[in-house]
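Each chain, letter by letter, is given below.
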Amino acid sequence: MPSSSLLSISGCFFCSVLSLFTAVAFAGDPYIFYDWTVSYIAASPLGVKQQVIGIEGQFPGPILNVTTNWNVVVNVKNKLDEPLLLTWNGIQQRKNSWQDGVLGTNCPIPAGWNWTYQFQVKDQIGSFFYFPSLSFQRAGGGYGGIIINNRDVIPVPFGTPDGDITLFISDWYTKSHKDLRKHIEKEIDLGAPDGILFNGLGPYRYDDALVPNGIPYEMINVEPGKTYRFRVHNVGISTSLNFRIQNHNLLLVETEGSYTVQQNYANMDIHVGQSYSFLVTMDQNATSDYYVVASPRFVNSSAWARTAGVAILHYSNSQGPASGPLPDPPNDADPFFSMNQARSIRWNVSASAARPNPQGSFKYGDITVTEVYVILNRPAELIDGNWRTTLNGISYLAPSTPLKLAQQFDIPGIYKLDFPNRLMSRPAKVDTSIINGTYKGFIEIILQNNDTSVQSYHLDGYAFFIVGMDYGVWTENSRGTYNKWDGVARSTTQVFPGAWTAVLVYLDNDGIWNLRTQNLNSWYLGQEVYLSVVNPEITEKSEMPLPENTIYCGLLSQLQKDQSQRVKFSGAPSPLAKVNRTFVIAFAVALLAAFIR
């Protein structure tokens, strides 16, 4: 095989070979390396050519496929025309909020610069995704999947699937993310999206009157009788989506790092920022292809009727194309359907996850709560002449110096540890107020939604236990309805309009962590807060040190080196830095050649 062919072999396999060598040559957990360029590319997801954000020329971006405890090194080159940060949705970054990729912890990567993330997927398994966290950029793409596999010594609580399929579902507008954010700033309603995408592609033409001809669509090729794992992520702006596969059951097995009690669903409401794993068995007679549908939920405008996302499930022995009406969605007039579905998702307390002990060995219901926060959101309102959204009457203002750097260098006046635990009787304001969490405390957070749409909330650095949700206003008596045994642990939860959701969080992860709405329009206008968790005993097991390649901004700008002087890798030197790289490459090529032969 010519050398050019060798170089064209998938980089992911090459990374795996390097990781294998690293594991053999050095003690400790393997390293895997990625080199990503983030840039604008041309695409036509809805048949209209537009500029989207791609990674390595792909939209959606590459899947980061790793195993529990691996060390991940991702060198990100920013080829956009504006600053960039990537955040790793649901990756807990143990003791390492330096790598979180949000404004509270990192200075943005300037246009034309690169920055290297280095983190360990410590004690995690499951399905997650990454996306750009700044300036409404997720509305333009830049997202991709993260798969964290079990170590071989830890059993998975179901048989090995015959295939693994990742699906990104999202509302989509043909306007650029820059135009959309201008609309948000002026409180112009975005209205119904132009369509719903599957993996960056538009709908199959299931209805000639609703779907124009010539739109590329996603086709999922499967074999009859086999079972596949579908990892489904809602990476959209603000639309809850109902996911279903015509004539097929969805066996829920995992959500955002937790194995669940295995239950069959005909469909699943997936809210913004949420991720689910289903096992789907190809048990139909394949008289035709089957529709895979993601349709908007909790909308009442006729303009939304044309926005259903439709992919095609194609058996290898299919006898013809899919035709006829789409499978019915749930009844939007039933306000309890989606809530009851969410309540039915339970933690599999007998299954192991990242460790051999059962998930249920952490008996969260027996721990004494040390802090309570009732956090209320409201629709956008005018504050000092600008449209802003709030939590407990405060709209978060990101300082020019990130919170984490201000804490590291003990710079006063950047933020205040005074975020109120209840809505205060005072006018709404814009401020940099954060939650002062107690290390190894057990915090109860009640999210009260006073908006008219479903909101999703995400907490970086942690998985929280969802213990209750209901319509109305939360009161102390609401605790009597809590699930204190098998409430699922995950990082994103929905809060229905006029309702509340309660979560419990064990604050054992040092750092400054972002609590935000995943709905981009609300997040962009200030609906977020940070949670500071400081270990009072500074030891080798406390937080990771300041990365060598830190980008400085704000009051610390004078510390910034030129791009050419900055080190490439952050944190401790990687194992490959300690050996002769020529030898490593020669060894990897030899292994690759042996594999090909």
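Predicted, not measured: the structure shown is a model, and the values here were computed from it.

## Some details on the side chain of Asp486
Right, so step 1: With respect to the element layout, Asp486 can be found in the loop between strand E27 (464-471) and strand E28 (489-490).
Right, so step 2: Taking relative accessible area as the criterion, Asp486 reaches 13% and is therefore assigned buried.
Right, so step 3: At a separation of 3.1 Å, a polar atom in the side chain of Asp486 contacts the side chain of Arg346.
Right, so step 4: With near-sequence residues (within four places) excluded, Asp486 lies in contact with Arg346, Trp347, Val349 and Tyr364.

## Concerning the layout of surface pockets
Right, so step 1: A volume near 940 Å³ is recorded for the largest pocket.
Right, so step 2: Lining of the largest pocket is provided by 34 residues; of these, Asp189, Ser238, Thr452, Ser453 and Asn521 occupy positions nearest its centre.
Right, so step 3: Looking at the lining of the largest pocket, the elements with two or more residues in it are strand E20 (371-383) and helix H6 (520-524).
Right, so step 4: Considered as a void within the structure, the second largest pocket measures approximately 790 Å³ in volume.
Right, so step 5: Taken together, 25 residues make up the lining of the second largest pocket; nearest its centre are Gln92, Asp123, Trp347, Phe362 and Phe465.
Right, so step 6: Across the lining of the second largest pocket, the residue classes tally to twelve nonpolar, seven polar and six charged.

## A few points about the packing of aromatic side chains
Given two aromatic rings, their pairing is described by the distance between the two centres and the angle made by the two planes.
Right, so step 1: Evaluated as defined, the whole model comprises 32 aromatic pairs.
Right, so step 2: When the centroid spacing of 6.0 Å and the interplanar angle of 15° are considered together, the rings of Phe243 and Phe278 count as stacked. Of this pair, Phe243 sits in strand E13 (residues 241-245) while Phe278 sits in strand E17 (residues 275-281), and the two are 35 residues apart along the sequence. Take Phe243 and Phe278: they sit in the same class, and that class is buried.
Right, so step 3: Over the ring of Trp98 we find Lys404, and its NZ or CZ is 5.3 Å from the ring centre.

## Things to note about the state of the cysteines
Right, so step 1: As enumerated under the stated definition, the model contains one disulfide in all.
Right, so step 2: For Cys107, the disulfide goes to Cys553, at an S-S distance of 2.0 Å. Taking the torsion about the S-S bond as the criterion, the Cys107 to Cys553 disulfide, at about -85°, is left-handed. Taken as a pair, Cys107 in the loop between strand E5 (86-89) and strand E6 (114-120) and Cys553 in the loop between strand E32 (528-534) and helix H7 (581-596) lie far apart in primary sequence, 446 residues in all.

## Re the sheet that holds E13
Right, so step 1: Within the open sheet, the five strands sit side by side as E11-E19-E18-E13-E16. Their pairing is mixed. With one partner strand each, in any of the chains shown, strand E11 (219-222) and strand E16 (268-270) form the two edges of the open sheet. Strand-to-strand, the axes of this sheet are offset by a mean angle of 25°, without reference to chain direction.
Right, so step 2: Two strands pair when backbone bridges link them, and E13 and strand E18 (residues 290-296) are joined in this way by five bridges, in the antiparallel orientation. Residue pairing for E18: Phe243 is matched across the bridge by Ala294.

## Digging into the sheet that holds strand E9 (residues 163-172)
Right, so step 1: As summarised here, the arrangement of the six strands in space is E10-E9-E12-E17-E14-E15, forming an open sheet in which the pairing is mixed. Each of the sheet's edge strands pairs with one partner strand only, and the pair in question is strand E10 (195-198) and strand E15 (258-265). Averaged over all neighbouring strand pairs, the angle between strand axes comes to 25°, with direction disregarded.
Right, so step 2: Strand direction decides the pairing type here: strand E14 (residues 250-255) and E17, joined by three bridges, are antiparallel. Bridge pairing links Glu254 to Ser277 in E17.

Reading the values: rules and limits
Residues numbered from 1 in each chain as written. Predicted model: local features only at pLDDT ≥ 70, side-chain atom pairs only at ≥ 80, totals over all residues. Heavy atoms only, no water. Helix = DSSP H or I, 4+ residues; strand = E, 2+ residues; numbered from the N terminus. Buried < 20%, exposed > 50% of the residue type's maximum accessible area, 1.4 Å probe, protein only. Polar contact = N/O pair within 3.5 Å; in protein donor to acceptor, adjacent residues only side chain to side chain. Contact = heavy atoms within 4.5 Å. 1 Å grid on protein atoms, 1.4 Å probe; cavity = no way out; pocket = protein on both sides within 12 Å on 5 of 7 lines; lining within 4 Å. Points joined across faces, edges and corners; volume = space filled by probe spheres on them. Nonpolar A, V, L, I, M, F, W, Y, C, P; charged D, E, K, R; others polar. Phe/Tyr/Trp six-rings, centres within 6.5 Å; stacked < 30°, edge-to-face > 60°. Lys NZ or Arg CZ within 6 Å of the ring centre and 35° of its normal. Disulfide = S-S within 2.5 Å. Pairing = 2+ DSSP bridges. Axes fitted to C-alpha atoms, helices over the stretch in contact; angles between N-to-C directions.

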